[in-house]
Amino acid sequence: RAAHAGLYTQSDQVVLLTPSTVDAVLFNSSAAVLVEFYASWCGHCMAFAPVWKSLARDTREWKPAVDLAVIDCADENNRQTCIRFGIRGYPTLKFFHAYSEKGSNGVSFEVAERDVMSLRQHLINMMETHKESWPPACPPLESASEVEINKFFETNSVQHLALVFEKADSYVGREVILDMLQFENVAVRRVLDTEEGLVSKFGVTDFPSCHLYYPDGHMTRLSVQMEARTFYSYALQRLSGVVRSGRPPPLVSDLSPNNTEMEWKPFNRSRVYMADLESALHYSLRVELAAHPTITGGALTALKRYASVLAKHFPGRPMVKNLLRALDTWLQSQEDAEITYKSLQVVLDNKEETPEALLPDSVRWVGCQGSKPRFRRYPCSMWTLFHVMTVEALNSSNSDAQEVLQALRGYVRNFFGCRECAGHFERMAQESMYQVKKLSDAVLWLWSRHNRVNSRLAGALSEDPHFPKVQWPPPELCPKCHSVQLTGEHQWDSAAVLTFLEEHFSSSRIFLDYLE
Ligand code: FAD
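Residues numbered from 1 in each chain as written. Predicted model: local features only at pLDDT ≥ 70, side-chain atom pairs only at ≥ 80, totals over all residues. Heavy atoms only, no water.

**Student:** Honestly, the state of the cysteines in this entry has me stumped. Any pointers?
**Tutor:** Each disulfide consists of one covalent bond between the sulfur atoms belonging to two cysteines. All told, the structure shown has 5 disulfides when counted by the stated rule. Put simply, Cys 73 and Cys 82 are joined by a disulfide, and their sulfur atoms are 2.2 Å apart. Negative torsions about the S-S bond denote left-handed disulfides, and the value of about -85° found for Cys 73 with Cys 82 makes this one left-handed. Judged by its relative accessible area of 5%, Cys 73 falls in the buried class. Accessibility expressed as a relative area gives 3% for Cys 82, which makes it buried. Each disulfide pairs two cysteine sulfurs, and for Cys 478 the partner residue is Cys 481, the sulfurs being separated by 2.1 Å. (Disulfide = S-S within 2.5 Å. Buried < 20%, exposed > 50% of the residue type's maximum accessible area, 1.4 Å probe, protein only.)

Structure representation (structure tokens):
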């Protein structure tokens, strides 16, 4: 618990070490661990924390082979542990090999530049120093020879063998090998440009480039927008038959359930549907809020702000907009410190039967359908609603970034039924929401935080196998959103992302199919 007060939280994809867990995490573990010993008061540590968090997100798929951990040495409870590891300055990085013996002091982890790329590459160097205690989840990282590749299918039964051809000093192949270690039916090896037999057999002229090899001798080049790590990993994860380890392959029949409750509505995955947005409103206002018989204090203020922003920016059918305006007007006129849900419900259900103000009283999931009732649906529709709202606000003249973001935040904090989600979202908001000044930055803030959630949830139990969590929008949806730096690092082109989001979530493109 002590470490939570420090610079990291459980949402950061790093292990928060405590005196009672440190030995179990570092010693005799089947994965290597890279630990940051830090002090929460130290300025360098504060500056370094975002880099460490980015590294954790960047290497999230590598966890079964190597994990990242932190411990706050400024916390009194952790002092003895930090002394035991001989920590004198902060931040100190130490690498613990898989199966390190109890009492081991780890290996110093020094890099000239503490940026994500240098740290990640040095992490690979350290992984390669494993000898007989190679972490079982880590595939071979050394380059493959012609003999090995020729005999590959004699001993392996994977469907796809991906060969990353590259120069000796390139890390791309090893990064992709690690990115793919949690996926089945695909194996990745690196092949050096000096491996002439293979280079000529595959007709390789570009380094790096990635080629697929099949048991029948068939070979083909992996088609990607750019020859870089992220694009290879992304494309390999999408090859047919490739699934996360331990997950059954998604069944096509999941998508055509034949009971009426789940009647599948064909939809376009790259479009937004009004039916989901109206369902989000119905569920949030009629189901979630109903769990609060009386609403007072900060929750009431949050509700007023949420209603006000919905009334201003929900790009709905006129009758729904009218209802939201009526709800807003009623809420803002409430001067008592407390309202009851019942009184709000009267306005919401508009029993006066004014026909031009109505919010349909049911859910209809379309773009947010899941292959099972437990997948997607309401949370998916809330994200969609939130993105639509920030984009609508951007296009309107009477809004500001904080008004919209804080209204969404207030709703999540006070009412969103997934309390764990609310906690995570609130932490992200506390970290940086206040810095957002422009509406265009509000659109991008929400997009990038949603991607953080996607990164954390990739492979989680709540992930619908038919809708895997990806860093969104993927290259096939928005090629211009992706680029690579001179160093080969993947980079989002924020301007292109903004243009894409404005278009994708714009009210004029929302499909009206399946509405009541
Ligand atoms: P979702 O992630 O719900 O996304 C819906 C749609 O939005 C996608 O289909 C895609 O079209 C689009 N999209 C995807 N990524 C982006 C992006 N970066 N920017 C813009 N559009 C995008 N679940 C947990 O288990 N733990 C949590 O901590 C958690 N926190 C949440 C916080 C909030 C505020 C919300 C609304 C939901 C949270 N959830 C959390 C639920 C989770 O994020 C998903 O909503 C849920 O698992 C359904 O996922 P999905 O596949 O339908 O896609």
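**Student:** Could you clarify how one ought to interpret the sheet that holds strand E3 (residues 66-72) in this entry?
**Tutor:** Pairing between the strands of a sheet comes from backbone hydrogen bonds, and it takes one of two forms, parallel or antiparallel. Strand order in the open sheet formed by 5 strands is E1-E3-E2-E4-E5, and the pairing between neighbours is mixed. Every interior strand has two partners, whereas the edge strands, strand E1 (15-16) and strand E5 (107-108), have only one. In the sheet, strand E2 (residues 32-38) pairs with strand E4 (residues 92-96) via 5 bridges, with the strands oriented antiparallel. Residue pairing in the sheet places Val 33 in a bridge with Phe 96 of E4. The sheet strands contacting helix H4 (residues 116-127) are E2, E3, E4 and E5, and the helix crosses E4 at an angle near 35°. (Pairing = 2+ DSSP bridges. Helix = DSSP H or I, 4+ residues; strand = E, 2+ residues; numbered from the N terminus. Contact = heavy atoms within 4.5 Å. Axes fitted to C-alpha atoms, helices over the stretch in contact; angles between N-to-C directions.)

**Student:** Hey, could you run me through unusual backbone geometry in this one?
**Tutor:** Peptide bonds are trans in most cases, and residues, glycine excluded, mostly fall at negative phi. Here Tyr 90 and Pro 91 are connected by a cis peptide whose omega angle stands at -10°. Tracing the backbone through its elements, the reader meets Pro 91 in the loop between helix H3 (79-84) and E4. A cis amide bond links Phe 207 with the next residue in sequence, Pro 208, at an omega value of 0°. Within the secondary structure, Pro 208 is located in the loop between helix H8 (196-201) and strand E9 (209-213). Unlike most non-glycine residues, Tyr 99 shows phi in positive territory, near 60°. Here Tyr 99 shows up in the loop between E4 and E5. Of note, Arg 377 is a non-glycine position whose phi angle comes to about 50°, a positive value. Considering the arrangement of structural elements, one finds Arg 377 in helix H14 (residues 377-394). Arg 377 sits in the buried class, given a relative accessible area of 18%.

**Student:** In this structure, what is going on with the pattern of salt bridges? I would like to understand it.
**Tutor:** Note on pairing: side chains with opposite charge can pair once their charged atoms come close. A full pass over the atoms with the stated rule returns 28 salt bridges. Here Lys 102 ties to Asp 23 by a salt bridge, and the two come within 2.9 Å at their closest N and O atoms. Of the two residues, Lys 102 sits in the loop between E4 and E5 while Asp 23 sits in helix H1 (residues 22-26), which places them 79 residues apart along the sequence. Its relative accessible area of 65% is what places Lys 102 among the exposed residues. A single network of salt bridges, built from pairs that share partners, joins Asp 58, Arg 120, Glu 175, Asp 179, Arg 229 and Glu 489. (Salt bridge = Lys/Arg side-chain N within 4 Å of Asp/Glu carboxyl O.)

**Student:** I'm lost on the packing of aromatic side chains in this one. Help?
**Tutor:** Each aromatic ring pair is characterised by the separation of its centres together with the angle its planes make. In the structure shown here, the tally under the stated rule is 24 aromatic pairs. Ring centres of Phe 27 and Phe 85 lie 6.4 Å apart, and the angle between their planes is 35°; this geometry places the pair in the tilted category. You can see Phe 27 sitting in the loop between H1 and E2 and its partner Phe 85 sitting in the loop between H3 and E4, a full 58 residues away along the chain. Comparing Phe 27 with Phe 85 shows no difference in burial state: the two are buried. Judged by centre distance (5.8 Å) and plane angle (90°), the rings of Trp 41 and Tyr 90 are edge-to-face. Of the two residues, Trp 41 sits in the loop between E2 and helix H2 (43-58) while Tyr 90 sits in the loop between H3 and E4, which places them 49 residues apart along the sequence. Assessed through its relative accessible area of 26%, Tyr 90 is described here as partly exposed. (Phe/Tyr/Trp six-rings, centres within 6.5 Å; stacked < 30°, edge-to-face > 60°.)

**Student:** Whenever I open this one, the site of the ligand confuses me. Can you help?
**Tutor:** The environment of the ligand is formed by 22 residues, the closest being Arg 376, Trp 383, His 424, Trp 447 and His 450. Measuring from a nitrogen atom of the ligand, one finds a side-chain N or O atom of His 387 at 3.4 Å. In this structure, Asn 451 approaches the ligand through a side-chain N or O atom, which is 3.0 Å from a nitrogen atom. Relative to its unbound accessible surface of 940 Å², the ligand loses 90% to contact with the protein. Breaking the shell around the ligand down by element, the ones donating at least two residues are H14, helix H16 (419-432) and helix H17 (439-457). (Near = heavy atom within 4 Å. Polar contact = N/O pair within 3.5 Å; in protein donor to acceptor, adjacent residues only side chain to side chain. Areas by Shrake-Rupley, 256 points an atom, 1.4 Å probe, with all protein chains shown as cover.)

**Student:** What am I meant to see in helix H7 (residues 172-179) here?
**Tutor:** Along an α-helix, a turn takes 3.6 residues, which lines up residues three or four apart on a common side. Within H7, 8 of the 8 residues are buried, which leaves the element mostly enclosed by the surrounding structure. Looking only at H7, the buried set comprises Val 172, Gly 173, Arg 174, Glu 175, Val 176, Ile 177, Leu 178 and Asp 179. Next to the buried residues of H7 lie H2, H4, strand E6 (160-166), strand E7 (183-184), strand E8 (186-192) and helix H9 (229-237).

**Student:** Help me out: how do you make sense of H9 in this one?
**Tutor:** Of all the 9 residues making up H9, 7 are buried; the element is thus mostly covered by neighbouring parts of the structure. By the burial criterion, the buried members of H9 are Arg 229, Phe 231, Tyr 232, Ser 233, Tyr 234, Ala 235 and Leu 236.

**Student:** Explanation requested: the side chain of Glu 61 in the structure shown.
**Tutor:** The topology assignment puts Glu 61 in the loop between H2 and E3. For Glu 61, a relative accessible area of 8% puts it in the buried group. Ignoring sequence-local partners within four residues, the contact set of Glu 61 consists of Leu 178, Asp 179, Leu 181, Gln 182, Phe 183, Arg 244 and Ala 458.

**Student:** Help me understand the domain arrangement of the protein chain, please; the structure alone is not making it clear to me.
**Tutor:** Accessible area lost upon the coming together of the parts is a frequently used measure of interface size. We note that the domain assignment places domain 1 (2-127), domain 2 (146-244) and domain 3 (274-509) within the protein chain. Taking the mean C-alpha position of each, domain 2 and domain 3 sit 40 Å from one another. In this assembly, 8 residues from domain 2 lie in contact with 15 residues from domain 3. In total, domain 2 and domain 3 occlude about 880 Å² of area from one another, counting both sides; carbon and sulfur atoms represent 60% of this. Taken together, the connections running from domain 2 to domain 3 amount to 2 salt bridges. (Domains from an automatic or database assignment. Buried area = accessible area lost by both parts, 1.4 Å probe.)

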